[in-house]
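# Tertiary structure, described
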Amino acid sequence: IVPADPFQQGIASWYGPGFQGRLAASGELYNMYDRTAAHRTLPLQTIVRVVSQRTGQSVVVRINDRGPYVGGRIIDMSRRAMDLLGAVDLAQVYLERIDPRALDVECP
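By convention here, each chain's residues receive numbers from 1 onward along its written sequence. Only residues with pLDDT of at least 70 get local features here, since the model is predicted, and only at 80 or more are side-chain atom pairs given and counted; chain-wide, interface and lining totals rely on the full set of residues. Side-chain measures were taken over the full set of non-hydrogen atoms in the model, leaving aside hydrogen atoms and water.

## So, the pairing of strand β4 (residues 58-65)
Of all eight residues in β4, seven are buried; the element is thus mostly enclosed. When strand β2 (residues 36-38) meets β4, the two strands line up parallel, connected through three bridges. Residue pairing for β4: Ala38 is matched across the bridge by Asp65. Strand pairing is assigned whenever DSSP identifies at least 2 bridges connecting the two strands. We count a stretch as a helix when DSSP gives it H or I for four or more residues in a row; a strand needs E for two or more, and each element gets its number in order from the N terminus. Counting the residues between successive antiparallel strands, the hairpin from strand β3 (residues 47-52) to β4 contains five residues, one of them, Gly56, with a positive phi of roughly 85°. In this scheme, a residue with accessible area under 20% of its type's maximum is buried, one over 50% is exposed, and one in between is partly exposed, where area comes from a 1.4 Å probe on protein chains only.

Put into structure tokens, the structure is as follows:
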């Protein structure tokens, strides 16, 4: 069991078509269909659970890019991650860091 670590709350957004196939900060090509996200300060490759404060739905993402660059937002997620969260454009969320060794499956 991984204890909850709600270290940040705020607005999540998504980014996709204009960035598809471009180089992410991690050096990999951005794919809006992967479960990845951009965060301003978390180390690249950090695994984070993003939880919707409205619905309680969550998605696990890997930080592979920097952003968001729009004020008031704490994380930019791929289109796929936002879909799995059950949100359309923006979502009020909190973030939980996850120790990847506690996951039963390979990280997204």
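Moving on, there is more to tell.
## Describing unusual backbone geometry
Of note, the bond from Gly67 into Pro68 is cis; its omega dihedral lies within 30 degrees of zero at -5°. Even without a glycine there, the phi angle at Gln45 is positive, about 80°. Among the secondary structure elements, Gln45 is positioned in the loop between β2 and β3. The exposure class assigned to Gln45 is partly exposed, which follows from its relative accessible area of 41%.

## A closer look at the layout of surface pockets
We place a 1 Å grid over just the protein atoms. Points where a 1.4 Å probe fits but has no way out form a cavity, open points with protein on both sides within 12 Å along at least 5 of 7 lines form a pocket, and any residue with an atom within 4 Å of a point lines it. Grid points are joined across faces, edges and corners, and a volume is the space filled by probe spheres set on the points. Its boundaries defined by the atoms lining it, the largest pocket holds a volume of some 160 Å³. Trp14, Tyr15, Gly16, Phe19, Asp65, Arg66, Gly67, Tyr69, Val70 and Asp76 are the residues that line the largest pocket. Each residue is assigned to one class: nonpolar for Ala, Val, Leu, Ile, Met, Phe, Trp, Tyr, Cys and Pro, charged for Asp, Glu, Lys and Arg, and polar for all the others, Gly among them. Partitioned by chemical class, the residues of the lining of the largest pocket number five nonpolar, two polar and three charged.

## Overview of the pattern of salt bridges
We define a salt bridge as a contact between a side-chain nitrogen of Lys or Arg and a carboxyl oxygen of Asp or Glu at a distance within 4 Å. Inspection of every chain in the model, using the stated rule, returns three salt bridges. With a shortest N-O distance of 3.0 Å, Glu28 and Arg62 are connected by a salt bridge. Here Glu28, found in the loop between β1 (6-14) and β2, pairs with Arg62, found in strand β4; they are 34 residues apart in sequence, far enough to count as distant. For Arg62, a relative accessible area of 13% corresponds to the buried category.

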